[in-house]
Structures are given as structure tokens and as C-alpha cells.
Amino acid sequence: LSVLPLRANGESTANPSAGMPAAPDALAFPNEAGAVRLDRIEIENFKSYAGRQVVGPLMDMNAVVGPNGSGKSNLMDMIAFTVGLSSSDLRGKTLKDLVYRNSPDEDISERGASVSLVVTCDGAETRFTRSITPAGVGKYSVNGKTVSAQAYDEKLKTFGVLSKAHNGFLVFQGYVSELAQKSAKELSKLFEQISGSEELTEEYDALAAEKKRAEEEQIFNQQKKKGLAQERAIMKRQKEEAEAYQALLGRKRELQQLQYLQKLHGIEHEIVTLREQLGSEAAALDAESERHATAEATLRASEKERARLARRAVDLERQHASLLQKVEKQNPGAIKLREEIRHVDRRRATQAKSLDKVEEAHKAATKQQKGLEKQLADVSDALARATAEQQEAESRGEVEMNKRQRDEYSRLKGEAGAKSAALHEQLSAMTRELRSDEPLLMQGRTKLDELAARRGVLEGRLGGFEERRKGLAERVAKLKAE
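The model shown is predicted, which means the values in this text are computed figures rather than measured ones.

Draft legend 1. The arrangement of the environment of His343 in detail. You can see His343 is positioned in helix α5 (residues 201-396). The partly exposed category is assigned to His343, whose relative accessible area is 38%. Once the C-alpha coordinates of His343 and Arg455 are considered, the two residues, 112 residues apart in sequence, prove to be 9.6 Å apart.

So, in C-alpha cells, the structure goes:
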């Protein structure tokens, strides 16, 4: 968008149209619909402009001159306000601050303000109006019809005016130096705003994402293509292997046919040989037939002998049954003998265990008796020696005991006698116990011998039964063979 800016330079306020030749074309904006020109500005109670005023018609070049504070900058603010800038961009905190007031204390609660830009395009006028109600609320209208801020902005775009890029055609004081200080990124953003390409950001991002997806898809397809090429190579190898396998199968069938032909040749040769053998076998069969006739005669002669032998076999069967009955009658006796032998063995084992316990107790008692006898002998010897030594010493007059020593000697002698008597008593009891165990031990040994003898008798009888059973079994087998 290319716009000739209004220029403010600060001398005295004047009507832009006064004393200047009329220009055939006013400030113009290129547009797809045709040449768009800003024809005039209509103001009512905006900032320093009281009441209703009209600035215009505008020309190609317009100069606003006047002293400081005469309202030159407010003309720029009118255009900026009408294209949609906020009050903060116009040196005001709220929209109400943009309403004309004669003094700071003047009550403007019932006063509103408005600014209209009248543009022409191919001879047709369009009026863009932004107003402030007495309540301080902003309103937008196009050709006198109230519209939303978004619709108002869209309508301005159709005439090539971008509210977000207002600085592209409005150059305020200090803006040139500010522009020179912008970074490359900020300048790029400004150019995007002025050119309107900023509105294509979402579309650009969407296309960039689509491009990324297309690149990823291309990479995927390339990898898929590589995979397919590998699969194709594998399938080619498999095809070659399959063809080689089919060739081997064909060769196998040829070899099998050759093998079958060789087998058929061998079979044919064997058939010839068998036919020759069959001829010789037929001759032998004839000779055998003659022998068979002779055998038939012999067989008839043997039938009588067979009948006789059959009668003999019936007699033998009867004898066999009789012998089996005898064996069955004698068999319970053998079973009883075996059971009795097992019972004797159990009793014998029990008696052997009891005898072992008695012998162990007898051995322990004998050992204890010997210990007591030795202890008693030691005590007796010690007592005898002490007594002899005392008597010998007394007889020589070497020892003379007082009453206390004699009492102590008597006490020790009594204790020794008592201990000796106790040992004698314990030894006597042990001896009696051993003598009482000896008959029991002898009785156990006798019982064990009796059981051993009984077992020998039963085993002898069982052996006789076994010999008789074997004899009967041999006889039965002989009869069966006959």
C-alpha cells in the first residue's frame, strides 16, 4: 500500500483549501475496484475541534501550519481514530478523553464526538464514521449504518486501508527516528503489517505444516520404496530358488522313471526265472501226488491206531485228574507248614531280642559287681593296713593317742565299717540279682534252641512235601506228554 502522507510542521492553523489551487486528484489509494481518494474529513467535538467542521476537499499535497498547541497533530489523530486506533494510541486514557472540552473543569457528560472520512471510488462516495457516545462508548458506522468493529475493519480493507498497519500511511512526530532504530525482525513485521501478509500467517503455517507432512510422507514413501526394492530382491531370489527347485524336481522325476524302469526290468527277469521254476515245481508236484496217494493209504491204516491212542489218552486224563485232586488235598498241609514256620521265625526273633537285652543287662550287672568287689577289697585292705599299723605302733609304744584322737579314730573306724557293710550289702544284692537272672537267661536260650529245632523239623516236613509235589508234577507232565 502506497499513501501520500499529510505533513504537519508547526506554524499557524489554516484551511487546507484556502489560497491553494484545486488539484484534480485528491489523496488516492490504489485498489482493485479502482482509484480510491480521501475527499474530506468531517469532525464534530473531537479534541480541539469544537462543534461541526469539515476539512477538505483535500488535494495532492496539503500542509497544516500553526503555532504549537493549535491542533495540527489532532488532524493526524482524527484519521488514526477513524481507521480504528485505540485511545491509548491517541494520547488519551479513555475514549471520553478525546471529546472536545473548553476547559479542564467543563462538564462534558452530555457531549459526544465523531469523525467521518469520506472517500470516493469511481465517483461513488463512502462515509466511514467512528463516534463516541456521551456515555463514552465507541460506535462504528458505514454510510450511516451502524456496524461491528470487525465489519468496519473489513470494509476498510476493501479500500486498501489496514487499521493494524496505520503507521504505513500515517507518519507521526518522531516516527522516522523510531523506524530507523527498529531491528530487522521488527521491520519485517512492520512490512508484513503494511503489505497485509501478516493475515496470511495462519495460512502460511498451515501450508508449512502441510509441506512438512508432505516431506515426511515423501521420506516415508522413499523408505517404503527402498523396502519394496528389498522385498523385490528377496522375492527375485525366492523365485530363482523356486525355479531351481522345480528343475531339481524335474530331474528327480526323470531319475525315478529310470529307477522304475530298472525295477520293471528286474521284475520281468524274475518272472521268467519263476516260470522256469514253476515248470520244475509242476513236475515235482506230480511226483508228490503219487506219494500223497501212498500216504493216504498209510493214513487210513493209521486211523485205527489213532482211535486206540485216543482211548489211552482218555484214561490218562482220568489219572491226571485224580493226581491233581491228591496234590490239591496235600497242598493245604504245605501251606499250613509254611505259615507255622513263619510263626516260629517271628517267635524266634522276639526271643532273640529278649535274650540280647537280658545278656546286656547281665553283662552290665556283672561289670558293676566286679567294680563293687574291687572297691570293697580296696576299703578292706586300707582298713586292715591302718589297723595293723596302729596295733604295731601301740605295741612299740610309738603312738599314744589322747581321748579326742581315740574318739576320732573310733568314729572313722565305724564309718569305714559302715561303708564296708553297705558295700557288702550292695554286692550281695547284685549277686542275688545275677543268680536270679541266670535261670531266665538259661530258659531263654533253651526256648531259642527249641524253636530252632522246631523250625528244622518243619523245614524237613516241608522239604518232603516239596519232593512229593515235584514227583507228582513230573508224573503229570509225563502223562500229558504220553
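Draft legend 2. The arrangement of the packing of aromatic side chains in detail. Overall, the coordinates contain three aromatic pairs when judged by the stated rule. An angle of 85° between the planes, with centres 5.8 Å apart, marks the rings of Phe128 and Tyr152 as edge-to-face. With Phe128 in strand β7 (residues 124-132) and Tyr152 in helix α2 (residues 149-158), this residue pair connects regions lying 24 residues apart in the sequence. Assessed through its relative accessible area of 3%, Phe128 is described here as buried. Look at Tyr152 and you get buried, because its relative accessible area is 2%. Between Tyr140 and Tyr152, the aromatic rings sit 4.8 Å apart at their centres with planes inclined by 50°, giving tilted as the arrangement. Pair noted here: Tyr140 is in strand β8 (residues 138-142) and Tyr152 is in helix α2, with a separation of twelve residues, a long-range link.

Draft legend 3. Structural detail: the pattern of salt bridges. Inspection of every chain in the model, using the stated rule, returns 13 salt bridges. For Arg111, the salt bridge goes to Glu106, with nearest N and O atoms at 2.7 Å. Here Lys157 makes a salt bridge to Glu154, at a shortest N to O gap of 3.7 Å. Of this pair, Lys157 and Glu154 both sit in helix α2, three residues apart, which is roughly one turn of the helix. With relative accessibility at 24%, the residue Lys157 sits in the partly exposed group. Classification of Glu154 by relative accessible area gives partly exposed; the value is 39%. Residues joined in a network through salt bridges with shared partners are Arg37, Asp39, Arg40, Glu42, Arg52, Glu125 and Arg127.

Rules used throughout
- Residues numbered from 1 in each chain as written.
- Predicted model: local features only at pLDDT ≥ 70, side-chain atom pairs only at ≥ 80, totals over all residues.
- Heavy atoms only, no water.
- Helix = DSSP H or I, 4+ residues; strand = E, 2+ residues; numbered from the N terminus.
- Buried < 20%, exposed > 50% of the residue type's maximum accessible area, 1.4 Å probe, protein only.
- Phe/Tyr/Trp six-rings, centres within 6.5 Å; stacked < 30°, edge-to-face > 60°.
- Salt bridge = Lys/Arg side-chain N within 4 Å of Asp/Glu carboxyl O.

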